[in-house]
Amino acid sequence: MTKYFRITGYAPTQNICFIMDSNGMFEKLWQFSSFVISKGCKVLEVSNDEKFIDINIDKADEDKEHVILRACSEGKPNYIEKTIDGITYKAVEIKDKMFVPER
(Lines give C-alpha, C1' and ligand atoms only; values in the text may rest on other atoms or scores of the structure.)
Protein backbone atom coordinates (compact mmCIF):
# COMPACT_ATOMS: atom_id res chain seq x y z
CA MET A 1 0.00 0.00 0.00
CA THR A 2 1.25 3.45 -0.91
CA LYS A 3 2.39 5.99 1.65
CA TYR A 4 2.73 8.79 -0.90
CA PHE A 5 0.01 11.41 -0.44
CA ARG A 6 -0.80 14.82 -1.91
CA ILE A 7 -2.93 17.56 -0.34
CA THR A 8 -4.13 20.89 -1.69
CA GLY A 9 -4.75 23.25 1.19
CA TYR A 10 -5.63 26.79 2.07
CA ALA A 11 -4.40 28.86 5.02
CA PRO A 12 -7.20 31.42 5.53
CA THR A 13 -5.38 33.67 8.01
CA GLN A 14 -2.50 34.14 5.56
CA ASN A 15 -4.67 33.85 2.40
CA ILE A 16 -2.23 31.30 0.94
CA CYS A 17 -2.95 28.10 -0.96
CA PHE A 18 -0.52 25.23 -1.41
CA ILE A 19 0.16 21.76 -2.79
CA MET A 20 2.03 19.54 -0.37
CA ASP A 21 3.28 15.95 -0.71
CA SER A 22 4.07 13.45 2.00
CA ASN A 23 6.29 10.49 1.26
CA GLY A 24 6.39 7.90 4.04
CA MET A 25 5.82 10.33 6.93
CA PHE A 26 2.27 9.10 7.55
CA GLU A 27 0.74 5.63 7.42
CA LYS A 28 -2.71 6.86 6.36
CA LEU A 29 -4.01 9.78 4.31
CA TRP A 30 -6.20 10.96 7.19
CA GLN A 31 -3.07 11.38 9.34
CA PHE A 32 -1.55 13.75 6.79
CA SER A 33 -4.86 15.63 6.55
CA SER A 34 -5.01 15.91 10.33
CA PHE A 35 -1.45 17.29 10.39
CA VAL A 36 -2.38 20.01 7.86
CA ILE A 37 -5.57 20.89 9.77
CA SER A 38 -3.61 21.09 13.05
CA LYS A 39 -1.57 23.91 11.48
CA GLY A 40 -4.74 25.99 10.97
CA CYS A 41 -5.20 25.13 7.29
CA LYS A 42 -8.21 23.88 5.38
CA VAL A 43 -7.81 20.73 3.30
CA LEU A 44 -9.31 21.22 -0.17
CA GLU A 45 -8.15 18.10 -2.04
CA VAL A 46 -6.60 14.82 -0.87
CA SER A 47 -5.23 11.91 -2.83
CA ASN A 48 -2.71 9.12 -2.84
CA ASP A 49 -0.33 8.47 -5.72
CA GLU A 50 -2.61 5.77 -7.14
CA LYS A 51 -5.39 8.31 -7.71
CA PHE A 52 -3.78 11.61 -8.72
CA ILE A 53 -2.32 12.45 -12.11
CA ASP A 54 0.82 14.56 -12.26
CA ILE A 55 0.67 17.17 -14.98
CA ASN A 56 3.85 19.10 -14.25
CA ILE A 57 4.76 18.12 -10.69
CA ASP A 58 7.22 15.25 -10.34
CA LYS A 59 6.92 13.02 -7.31
CA ALA A 60 9.35 13.59 -4.46
CA ASP A 61 12.33 11.31 -3.94
CA GLU A 62 11.08 7.89 -2.84
CA ASP A 63 14.17 7.12 -0.77
CA LYS A 64 13.37 9.70 1.90
CA GLU A 65 10.53 10.17 4.37
CA HIS A 66 9.46 13.79 4.22
CA VAL A 67 6.80 16.41 3.64
CA ILE A 68 7.52 18.74 0.75
CA LEU A 69 5.87 21.96 -0.39
CA ARG A 70 5.30 21.63 -4.14
CA ALA A 71 3.63 24.98 -4.84
CA CYS A 72 2.17 27.96 -3.02
CA SER A 73 0.47 31.20 -3.96
CA GLU A 74 -1.62 34.00 -2.59
CA GLY A 75 -5.37 33.39 -2.58
CA LYS A 76 -7.22 30.17 -3.33
CA PRO A 77 -6.18 27.65 -5.99
CA ASN A 78 -7.56 27.73 -9.52
CA TYR A 79 -9.55 24.81 -10.86
CA ILE A 80 -9.25 24.27 -14.58
CA GLU A 81 -10.27 21.62 -17.07
CA LYS A 82 -7.39 19.59 -18.42
CA THR A 83 -7.74 16.97 -21.15
CA ILE A 84 -5.38 14.00 -20.90
CA ASP A 85 -5.58 11.12 -23.38
CA GLY A 86 -9.00 12.32 -24.54
CA ILE A 87 -10.50 12.48 -21.01
CA THR A 88 -11.31 15.84 -19.42
CA TYR A 89 -10.48 16.17 -15.72
CA LYS A 90 -10.79 18.89 -13.08
CA ALA A 91 -7.22 19.94 -12.33
CA VAL A 92 -5.82 22.07 -9.51
CA GLU A 93 -3.51 24.90 -10.55
CA ILE A 94 -1.32 26.90 -8.19
CA LYS A 95 1.11 29.29 -9.87
CA ASP A 96 2.50 27.19 -12.73
CA LYS A 97 2.01 23.78 -11.03
CA MET A 98 -0.93 21.52 -11.93
CA PHE A 99 -2.23 18.06 -11.09
CA VAL A 100 -5.48 16.11 -11.21
CA PRO A 101 -6.44 15.10 -7.66
CA GLU A 102 -8.79 12.29 -8.66
CA ARG A 103 -8.77 10.16 -11.82
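Structural data are supplied above this passage.
Residues numbered from 1 in each chain as written. Predicted model: local features only at pLDDT ≥ 70, side-chain atom pairs only at ≥ 80, totals over all residues. Heavy atoms only, no water.

A. Representation of the side chain of D49 within the structure. Residue position: D49 is located in the loop between β3 (42-48) and β4 (53-54). A polar side-chain atom of D49 sits 3.1 Å from a polar atom in the side chain of K59. Excluding anything up to four places from it in sequence, D49 contacts T2, Y4, K59 and R103. (Helix = DSSP H or I, 4+ residues; strand = E, 2+ residues; numbered from the N terminus. Polar contact = N/O pair within 3.5 Å; in protein donor to acceptor, adjacent residues only side chain to side chain. Contact = heavy atoms within 4.5 Å.)

B. Inspection of the pairing of strand β7 (residues 87-94) at higher detail. Where strand β6 (residues 78-84) meets β7, seven bridges bridge the pair, whose relative direction is antiparallel. When the bridges of β7 are listed, K82 appears paired with Y89. Where β6 folds back on β7, the antiparallel hairpin that results is connected by two residues, among which D85 adopts a positive phi of roughly 50°. Pairing of β7 with strand β8 (residues 97-100) involves three bridges; the strand directions are antiparallel. Each bridged residue has a counterpart across the sheet, and for V92 the counterpart in β8 is F99. What sits between β7 and β8 in their antiparallel hairpin is a turn of two residues, with K95 showing a positive phi close to 55°. (Pairing = 2+ DSSP bridges.)

C. Main features of the sheet that holds strand β5 (residues 66-74). The strand order across the open sheet formed by four strands is β3-β1-β2-β5, and the pairing between neighbours is antiparallel. Two strands lie at the open edges of the sheet, namely β3 and β5, each paired on one side alone. Sheet twist, expressed as the average angle between the axes of neighbouring strands with direction ignored, equals 15°. Pairing geometry for strand β1 (residues 4-11) and β3, over six bridges, is antiparallel. Residue pairing in the sheet places F5 in a bridge with N48 of β3. (Axes fitted to C-alpha atoms, helices over the stretch in contact; angles between N-to-C directions.)

D. Expanded view of unusual backbone geometry. Look at N15: it is not a glycine, yet its phi comes out positive at around 55°. Here N15 shows up in the loop between β1 and β2 (16-23). For N15, a relative accessible area of 32% gives the class partly exposed. With a phi angle near 50°, D85 is a residue other than glycine that sits in the positive phi range. Of the residues examined, D85 reaches a relative accessible area of 78% and is grouped as exposed. (Buried < 20%, exposed > 50% of the residue type's maximum accessible area, 1.4 Å probe, protein only.)

E. Here's a closer look at the sheet that holds β4. In spatial order, the strands read β4-β8-β7-β6; together these four strands make up an open sheet with antiparallel pairing. The two strands at the open ends of the sheet, each matched to only one other strand, are β4 and β6. As paired elements, β4 and β8 share two bridges and run antiparallel to each other. Directly across from I53, in β8, lies its bridge partner V100.

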